[in-house]
Protein chains: 2
Amino acid sequence: MPESYRQDVRDLALFADMDQVNFESLMRGSYVQNFPPRIDLITEGDSPDFLHVVVSGAVDLFSSWNGRETSMATVRPVSTFILAATIKDAPYLMSARTLEKSRIILLPSEDVRQVFEKDGAFARAIVTELSQCYRAVVKNTKDLKLRTSLERLANYLLRQMGRTGSSAFDLLMEKRRLASFLGMTPENLSRAFKGLEPYGVRVDGNHIKITDTEELMRFAKPSPLIDDHST
Amino acid sequence: MPESYRQDVRDLALFADMDQVNFESLMRGSYVQNFPPRIDLITEGDSPDFLHVVVSGAVDLFSSWNGRETSMATVRPVSTFILAATIKDAPYLMSARTLEKSRIILLPSEDVRQVFEKDGAFARAIVTELSQCYRAVVKNTKDLKLRTSLERLANYLLRQMGRTGSSAFDLLMEKRRLASFLGMTPENLSRAFKGLEPYGVRVDGNHIKITDTEELMRFAKPSPLIDDHST
DNA sequence: GTGGCCACTTGATAATTGTCAAGCCTTCGA
DNA sequence: TCGAAGGCTTGACAATTATCAAGTGGCCAC
């Protein structure tokens, strides 16, 4: 292997406090792989064989039922996905595919579970990670159940504004995926963007400019208990 | 205190493998309380002061935004709620109120966090619990995003049928709360019940009878990756 | 270049879901 | 016993969202 990815893993909060011996035994069976865009990584219903760590690129988590499909989340570097399935040794609830060219580290699930059983620091780190994930999904559920699609879009844009620290930014995914993520159709999203124009949202392709933050916030009514993804 | 609730707590998988010394230090600051129906226990946004254990009765977890309210989950004996908020020491994302007369054990959050930090078995048990919760919420999100309200109701009824092991059963909550839980209005639920009649669902008050399971399943298309709450 | 592909948009229409108002029925307490 | 309250239902209607079809425009391979 030309380069080491060990440090990428060790830098993750999930693995930072782990005992060195245990860390080594985790890394022993691991490997890194490069994927082109739009490659299926895992399929919902399958058994977890590896814990995945996204080092670069981006991964889409999505689910299907009865011919329909919906985007559940986007995983960006550096973080893991399907941690819960790995620990429980239960079937994946979501499928995953690369959005861009991505570099992904694979840690054998069995090893992860073994280390989990004997390393208290690792177990505690998993708790922190899972709490975060759990709360993120709860927030997402509140977003879905309490808001209309127009309100969800407005709040999404405000979150992106906060993330980038600028009132002008580019969408970091295709609009069709954004629509799916927000629980609506592409057509509806297209109209929703128009519907936000009166509140100070200018759209040009995938470039967004918030021209009247006050007005947009008055409409969106963002709440830390839904929109603050840091807690 | 006339009776001890220690065993109720110890019987929970969450606390079963915990070191006895740590268990005692957890119980030291704890107490049990009886609540009448419809009493607010916690309010979203507040800081977690106690980890709650429902010993008897039932508790509704719900969330509000902009004057709207939605039921997120029902907690039944014997289990805990707001575990993630307690561990992270982050604000509650949901409010809680009793549905019936309930008996609830309160464990000081600070004690829970302290024991969590030093007891590996406890940390591992929390991981198991949180994984379960996380996967439950993911399933719920899939239910919401991939299904119409009629399909959600149909699958809910099938789940209840599986839970009770009988094709005739009583709804265990008010229809207005069921509606809120399923992400619809009471009026819509009322019509949805009618809409399921052709698929073999008979409704009389809160008593349900599935007269044609095959037909209902053909319509509902239940999936273990959404409807099996045991994995 | 140029043709095709594909995401996106737009319009027309339909399905789904929500809102409002009224009435029914059970429950519960005076 | 009666009346009020509240949950449930129903009807009429409105809002939201989805579907279908057609068109636009950018991007890429040939």
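Residues numbered from 1 in each chain as written. Chains lettered and ligands numbered in written order. Predicted model: local features only at pLDDT ≥ 70, side-chain atom pairs only at ≥ 80, totals over all residues. Heavy atoms only, no water.

As recorded by an unreviewed UniProt entry, chain A carries the name Cyclic nucleotide-binding domain-containing protein and is attributed to Meridianimarinicoccus aquatilis.

K.L.:
So what's going on with the packing of aromatic side chains? Residues and values would help.
P.N.:
Inspection of the entire model under this criterion finds eight aromatic pairs over all chains. Ring geometry for tyrosine 156 of chain B against phenylalanine 181 of chain B: centres 6.5 Å apart, planes inclined by 65°, an arrangement best described as edge-to-face. Separated by 25 residues along the polypeptide, tyrosine 156 of chain B in helix H7 (residues 149-164) and phenylalanine 181 of chain B in helix H8 (residues 175-181) bring together distant segments of the chain. A relative accessible area of 4% places tyrosine 156 of chain B in the buried class. Judged by relative accessible area, which is 16%, phenylalanine 181 of chain B ranks as buried. Arranged with centres 4.4 Å apart and planes meeting at 20°, the rings of tyrosine 199 of chain B and phenylalanine 219 of chain B form a pair that is stacked. Taken as a pair, tyrosine 199 of chain B in the loop between helix H9 (186-196) and strand E10 (201-204) and phenylalanine 219 of chain B in helix H10 (residues 213-220) lie far apart in primary sequence, 20 residues in all. Here the guanidinium or amino end of arginine 97 of chain B rests over the ring plane of phenylalanine 62 of chain B, the centre of that ring lying 3.8 Å away. The aromatic ring of tryptophan 65 of chain A is capped on one face by arginine 147 of chain B, whose charged end is 4.5 Å from the ring centroid. (Phe/Tyr/Trp six-rings, centres within 6.5 Å; stacked < 30°, edge-to-face > 60°. Helix = DSSP H or I, 4+ residues; strand = E, 2+ residues; numbered from the N terminus. Buried < 20%, exposed > 50% of the residue type's maximum accessible area, 1.4 Å probe, protein only. Lys NZ or Arg CZ within 6 Å of the ring centre and 35° of its normal.)

K.L.:
Before we move on, could you go through helix H5 (residues 109-118) of chain B and cite the residues and values that matter?
P.N.:
Regarding H5 of chain B, the residues found buried are Ser109, Val112, Arg113, Val115 and Phe116 of chain B. The arc enclosing the buried residues of H5 of chain B, seen along the axis, measures out at 165°, which places them on a common side. Each element contacted by the buried residues of H5 of chain B is listed here: helix H6 (120-146) of chain A together with helix H3 (20-28), strand E3 (50-56), helix H4 (83-88), strand E8 (102-108) and helix H6 (120-146) of chain B. (Arc of directions from axis to C-beta. Contact = heavy atoms within 4.5 Å.)

K.L.:
Go over the interface of chain B and chain A with me, naming the residues and quoting the values.
P.N.:
Across the boundary between the two partners, chain B contributes 57 residues, which contact 57 residues of chain A. Of the roughly 4,800 Å² buried between chain B and chain A on both sides combined, carbon and sulfur atoms contribute 70%. Per-residue buried area on chain B facing chain A is highest for Trp65, Leu93 and Lys145 of chain B; these three make up 17% of the total on that side. Put simply, chain B and chain A have four salt bridges between them. Residue glutamate 44 of chain A is joined to lysine 142 of chain B by a salt bridge in which the shortest nitrogen-to-oxygen separation is 2.7 Å. The interface formed by chain B and chain A holds 27 residue pairs in polar contact (both at pLDDT 80 or more) in total. (Buried area = accessible area lost by both parts, 1.4 Å probe. Salt bridge = Lys/Arg side-chain N within 4 Å of Asp/Glu carboxyl O. Polar contact = N/O pair within 3.5 Å; in protein donor to acceptor, adjacent residues only side chain to side chain.)

K.L.:
I'd love a proper account of the environment of isoleucine 87 of chain A, names of residues and values included.
P.N.:
Structurally, isoleucine 87 of chain A is set in helix H4 (residues 83-88). Here isoleucine 87 of chain A falls in the buried class, since its relative accessible area comes to 10%. With 22 residues separating them in the primary sequence, isoleucine 87 of chain A and serine 109 of chain A have C-alpha atoms 7.5 Å apart. Among residues more than four places away in sequence, those in contact with isoleucine 87 of chain A are Val112, Arg113, Phe116 and Ile126 of chain A together with Val127 and Ser131 of chain B.

K.L.:
Outline the protein's contact with DNA strand D, supporting the account with residue identities and numerical values.
P.N.:
Neighbouring DNA strand D are 15 residues, the closest being Ser149 of chain A together with Lys175, Arg176, Arg191 and Lys194 of chain B. Close to the protein, within 4 Å, the atoms of DNA strand D are drawn from sugar and phosphate at a rate of 66%. Between a base nitrogen of DNA strand D and a side-chain N or O atom of glutamate 187 of chain A, the distance comes to 3.1 Å. Here a phosphate oxygen of DNA strand D and a side-chain polar atom of lysine 194 of chain B are 3.2 Å apart. If you list the elements that add at least two residues to the surface near DNA strand D, you get helix H9 (186-196) of chain A together with H8 and H9 of chain B. If you tally residues by element for the surface near DNA strand D, the top one is H9 of chain B, at four residues. Residue composition of the surface near DNA strand D, grouped by class: one nonpolar, six polar and eight charged. (Near = heavy atom within 4 Å. Nonpolar A, V, L, I, M, F, W, Y, C, P; charged D, E, K, R; others polar.)

K.L.:
Go over the packing of helix H5 (residues 109-118) of chain A against H6 of chain A with me, naming the residues and quoting the values.
P.N.:
Residue and element names in this part refer to chain A. Contact geometry for H5 and H6: axes closest at 6 Å, N-to-C directions at 110°. Classed by the angle they form, the pair H5 and H6 counts as roughly perpendicular. In this structure, H5 uses Val112, Val115, Phe116 and Lys118 to contact H6, whose residues at the interface are Gly120, Phe122, Ala123 and Ile126. Partitioning the contact of H5 with H6 into residue classes produces six nonpolar, one polar and one charged. (Axes fitted to C-alpha atoms, helices over the stretch in contact; angles between N-to-C directions. Parallel < 35°, antiparallel > 145°, perpendicular 65-115°, else oblique.)

K.L.:
Hey, could you go over the environment of serine 95 of chain B for me, with residue numbers and the actual values?
P.N.:
Residue and element names in this part refer to chain B. Relative to the assigned elements, serine 95 resides in strand E7 (residues 95-98). In this structure the C-alpha to C-alpha distance between serine 95 and methionine 72, which are 23 residues apart in sequence, comes to 9.4 Å. Residues contacting serine 95, with those up to four places away along its chain left out, are Ile42, Thr43, Glu44, Asp60, Leu61 and Phe62.

K.L.:
Account for the UniProt feature "domain: HTH crp-type" (unreviewed entry) in chain A, with residues named and values stated.
P.N.:
With numbering matched to this structure, UniProt assigns "domain: HTH crp-type" (unreviewed entry) to residues 147-214 of chain A. Secondary structure across residues 147-214 of chain A comprises 53% helix and 16% strand; the distance between its end C-alpha atoms is 19 Å. (UniProt positions renumbered as here; feature names shortened; annotations may be inferred.)

K.L.:
Can you tell me about the pattern of salt bridges, naming the residues and giving the values?
P.N.:
Residue and element names in this part refer to chain B. Overall, the coordinates contain 30 salt bridges over all chains when judged by the stated rule. When the shortest N-O distance is used, the salt bridge between aspartate 60 and arginine 97 registers 3.7 Å. You can see aspartate 60 sitting in strand E4 (residues 59-65) and its partner arginine 97 sitting in strand E7, a full 37 residues away along the chain. The closest approach of N and O atoms between glutamate 69 and arginine 97, which form a salt bridge, is 3.3 Å. Pair noted here: glutamate 69 is in strand E5 (residues 68-75) and arginine 97 is in strand E7, with a separation of 28 residues, a long-range link. Accessibility expressed as a relative area gives 45% for glutamate 69, which makes it partly exposed.

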